[in-house]
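Per-entry structural report
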Amino acid sequence: MDQRKIRNIAIIAHVDHGKTTLVDRLFEQSGMFKKHEVLTTCLMDSQELERERGITISSKNGSLIYRDYWINIIDTPGHADFGGQVERVLRMADGALLLVDAQEGPMPQTYFVLKKALHLNLPILVVINKIDKLAARPNWVVDKVFDLFVQLGAPDEILDFPVVFTSAKLGYAQDDARGQGTNMEPLFQKIISYIPAPRGDCEGPLQMLISSIDYSPFLGRLGIGKITSGRLAINKDIAVSLLDGSLQPIRISKIYQFIKNEKMPVESASVGQIVAVAGMDEVTVGVTFTDLHHPVPLPPIEIDPPTLSMNFIINTSPFAGQDGRFLTARHLTERLHRETLSDVALVLEELPDRTGFKVSGRGELHLSILIEKMRREGYEFQVTKPQVIFIVRDGQTLEPWEELTLDLDDDYKGVVIENLGQRKGILIDMNLFGKMVRLVYHIPTRGLLGFRSEFMTDTKGMGVMNHIFHEYGPYAGPLKNRKNGVLIAKENCTTVSYALFNLQSRGRLFLPPQVPVYKSQIVGAHCRPNDLIVNPAKGKKLSNMRSAGSDENIILTPTQKMTLEDCIDFINDDEIVEVTPKAIRLRKIFIEKSSRSA
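In what follows, the accompanying structure is described. Everything numeric here is computed off the predicted structure, so don't read it as measured data. (Residues numbered from 1 in each chain as written. Predicted model: local features only at pLDDT ≥ 70, side-chain atom pairs only at ≥ 80, totals over all residues. Heavy atoms only, no water.)

What about the overall build of the protein chain?
Each helix and strand counted, the protein chain has 14 helices and 36 strands in total. Relative to a compact globule of 598 residues, whose C-alpha radius of gyration would be 25 Å, the protein chain shows 27 Å and is just as compact. For the protein chain, the C-alpha atoms occupy an extent of roughly 95 × 65 × 60 Å along the three principal directions. Within the protein chain, the fraction of its 598 residues that count as buried is 54%. Restricting to contacts in the protein chain with at least 6 residues of sequence separation, those with at least 24 account for 72%. (Helix = DSSP H or I, 4+ residues; strand = E, 2+ residues; numbered from the N terminus. Rg over C-alpha atoms; globule rule 2.2 N^0.38 Å. Buried < 20%, exposed > 50% of the residue type's maximum accessible area, 1.4 Å probe, protein only. Contact = heavy atoms within 4.5 Å.)

Below you can see the structure in the form of structure tokens.
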């Protein structure tokens, strides 16, 4: 393949700015798909969780041919919790498309992904997307993007960035914000003219940094990366430079090139190509494939440290073993270690006092996605309340602080500001756009635990919340995240309508009738600060004048359905989330003696 005809681009953006839709349009208009082929939406989002949530969780590789140019596309996650993915896959790119919403402008994750791209000195092509919105203000957004470049200290040559205005939904791009284009041709032209071809010597010693991991049921683990020097060929003996600096000889058994959103086997590959390689069973992110006789390892990938941790322990509830296939500590250990091989931002530590692991990651979403994946794979386990990771610097205890951006109706501003004040939030900026207001806060990560559900309640479900790690700052003092106690089942039983009807006045219920519960399981949130032990199976006392069948007047308030993220946000230090393939339950580690009964 002609090295001069290759373009390797990473598409970076804030969550929900249209990145995956733009990729769909590029594939669609490249001419690589035949007329009879049906194009699915979110072509690069192959995981079930990604399609359900509408976000990119794992980076993906694909390619398209535009005229005689081979364009490799690296789709990156937009959420900062998956920043470990962004940091490593950007090493494969020679330029980046920065996608920004034409109405919202730069958001917290825009800052994060752009900072990572500028750190690698990648040329940036700015794409102002969703210009078809009625409230679009593309020229204002361009000015804000320029301010962001200046804030991040971009060099002069990158400050002179080209801009393309697009509507990925309608499938057109244009060089200015006026009118409406007909296709994505202007964007293709900008990619070819502005993103440089990959550099490297085809005749030099082999260099290929593994930036991502894939899995084949026939060949095992595949290392994905860009060849920056030399050539690769099937059955060629090479060396792998491991993370500890040692060299291990291996033989290449298979090479795959990305064509569209699929992998196709090839005999060889050279500089500039992004390929997946089989031959090493335990390949990990950060190792270098290099020449056996003249090894030239590349520096490993630097990853920002985790800021949040949770304990993963085996399931000890009375209902343990009823749903899952993988129940033991050995199963849990193997699965978590396997995850760390592909997710370099995840850190494991064995718990000293019990069987399990302290799992550290970038945030609640990062860890909750791991929990959900394991649950769907058939694992049963328990997780504790998230804890922030403190550090000590110059004798001072520091904790992670986040930059929080909120978009909400001006009518709800007062209650949100009051709530954030109690959570040690510091208001940095406030802007009014018609009836909408944008609040920017610096707040301890601890102050965000449990805040999302309260924020959605306060804003009647209409608020938008985004946050990103800001810095390690001074310890903010003690915080109480939850105001209310909980309703705790006093014994193993099955919930009944009559008992739940009588408990409605005590708080919000999480469970409907005819659900089995066990002693110490949490069935609802108390309306007062203390915990309350209740009997959700208590029936009517029967007599000659009252029968069990006269329940026609019982009307139950709809229960609050708790998602996995809701449960993780909700629990206190003395509570735990039980996770099984069929259920997510809340429970007390033990019932406090001070809890009252009802």
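Section: the packing of aromatic side chains
Under the defined criterion, the tally for this structure stands at eleven aromatic pairs. Considering the side-chain rings of Trp140 and Phe433, the 6.3 Å spacing of their centres and the 75° angle between planes classify their relative orientation as edge-to-face. Here Trp140, found in helix 5 (residues 138-151), pairs with Phe433, found in strand 25 (residues 426-433); they are 293 residues apart in sequence, far enough to count as distant. Assessed through its relative accessible area of 31%, Phe433 is described here as partly exposed. Seen from their ring centres, Phe319 and Tyr518 are 5.0 Å apart, and the 85° between their planes marks the pair as edge-to-face. Separated by 199 residues along the polypeptide, Phe319 in the loop between strand 18 (308-313) and helix 8 (329-342) and Tyr518 in the loop between strand 31 (516-517) and strand 32 (522-526) bring together distant segments of the chain. You'll find Phe319 and Tyr518 in the same group, each marked buried. By the ring-pair criterion, three or more aromatic residues cluster together here, those being Phe146, Phe149 and Phe161. The ring of Trp140 carries Arg137 above its face, with NZ or CZ at 3.7 Å from the centroid. (Phe/Tyr/Trp six-rings, centres within 6.5 Å; stacked < 30°, edge-to-face > 60°. Lys NZ or Arg CZ within 6 Å of the ring centre and 35° of its normal.)

As for the nonpolar core
Grouped together as the largest cluster of nonpolar side chains are 42 residues, with contacts concentrated most on Leu98, Ile124, Val126, Ile128, Val145 and Phe149. Counting residues in hydrophobic clusters, the runner-up holds 40 residues, among them Met374, Ala489, Phe510 and Cys567. (Core = buried A, V, L, I, M, F, W, Y, C linked by side-chain atoms within 4.5 Å.)

Re the sheet that holds strand 4 (residues 95-101)
With mixed pairing, seven strands are arranged side by side in an open sheet as 2-3-1-4-5-6-7. Of all strands in the sheet, those bounded by a partner on one side alone are strand 2 (60-66) and strand 7 (172-174). Taking each pair of neighbouring strands and ignoring which way they run, the sheet shows an average axis angle of 30°. Across five bridges, the pairing between strand 1 (residues 6-13) and strand 4 is parallel. Across the sheet, residue Ala13 finds its bridge partner in strand 4, namely Leu99. (Pairing = 2+ DSSP bridges. Axes fitted to C-alpha atoms, helices over the stretch in contact; angles between N-to-C directions.)

Some details on the sheet that holds strand 8 (residues 207-216)
Taken together, the eight strands give an open sheet; going across it, the order is 12-11-17-8-9-16-13-14, and neighbouring strands pair in antiparallel fashion. Each having just a single partner strand, strand 12 (247-251) and strand 14 (262-266) make up the two edges of the open sheet. Sheet twist, expressed as the average angle between the axes of neighbouring strands with direction ignored, equals 40°. Note: strand 13 (residues 254-259) against strand 16 (residues 274-278), four bridges, orientation antiparallel. The residue bridging Gln257 from the neighbouring strand is Val275, located in strand 16.

Comments concerning the state of the cysteines
For the structure on display, the rule yields zero disulfides. Sulfur of Cys567: no disulfide; nearest cysteine sulfur belongs to Cys493 and is 19 Å away. According to the relative accessible area criterion, Cys567 is buried, its value standing at 2%. (Disulfide = S-S within 2.5 Å.)

As for the packing of helix 10 (residues 413-422) against helix 12 (residues 451-458)
What describes two packed helices is the angle between their axes and the distance between those same axes. Interhelical geometry of helix 10 versus helix 12 gives an angle of 160° and a closest axis separation of 10 Å. Overall, the two elements helix 10 and helix 12 adopt an arrangement that is roughly antiparallel. Crossing hand, helix 10 versus helix 12: right-handed. Every residue of helix 12 that contacts helix 10 at Val415, Val416, Asn419 and Leu420 is listed here: Phe451, Glu454, Phe455 and Asp458. Here the residues of the contact of helix 10 with helix 12 are counted per class, giving five nonpolar, one polar and two charged. (Parallel < 35°, antiparallel > 145°, perpendicular 65-115°, else oblique. Left-handed = near helix turned anticlockwise from the far one by under 90°. Nonpolar A, V, L, I, M, F, W, Y, C, P; charged D, E, K, R; others polar.)

What to know about the environment of Ile234
Looking at the secondary structure, you find Ile234 in the loop between strand 10 (231-233) and strand 11 (237-241). Residue class for Ile234 comes out partly exposed when judged on its relative accessible area of 23%. In the structure, Ile234 is positioned 145 residues away from Tyr379 in sequence and 38 Å away in space, judged by C-alpha atoms. Those residues in contact with Ile234 that sit more than four places away from it in its chain are Ile252, Ser253, Ile255, Val266 and Glu267.

Observations regarding the pairing of strand 5 (residues 124-129)
Judged by how many residues are buried, strand 5 sits mostly within the fold: six of six residues are covered. Alternating positions in strand 5 separate into two faces, Ile124, Val126 and Ile128 on one and Leu125, Val127 and Asn129 on the other, with burial throughout. Note that strand 4 and strand 5 share six bridges and pair parallel. Pairing of Val100 across the sheet is with Ile128, part of strand 5. One crossover worth recording links strand 4 to the parallel strand 5 by way of helix 4 (residues 108-119), and it is right-handed. Pairing analysis gives three bridges linking strand 5 to strand 6 (residues 163-167), with the strands arranged parallel. Considered in strand 6, the bridge of Val127 is made with Val164. (Right-handed = clockwise from strand over helix to strand, strands pointing away.)

A short note on the pattern of salt bridges
The final tally for this structure, using the stated rule, is 28 salt bridges. Two residues, Arg25 and Glu28, come together in a salt bridge whose shortest N-O distance is 3.3 Å. Residue Arg25 and its partner Glu28 are both found in helix 1 (residues 19-29); the two are separated by three residues, about one turn of the helix. Among the salt bridges present, the one from Glu339 reaches Lys373, with a minimum N-O distance of 3.1 Å. Taken together, the residues span a long stretch of sequence, with Glu339 in helix 8 and Lys373 in helix 9 (residues 364-376) at a distance of 34 residues. Residue classification places Glu339 among the buried residues on the basis of a relative accessible area of 9%. When its relative accessible area of 21% is taken as the criterion, Lys373 is described as partly exposed. Via salt bridges that share partners, Arg335, Glu339, Lys373 and Glu377 belong to a single interconnected network. (Salt bridge = Lys/Arg side-chain N within 4 Å of Asp/Glu carboxyl O.)

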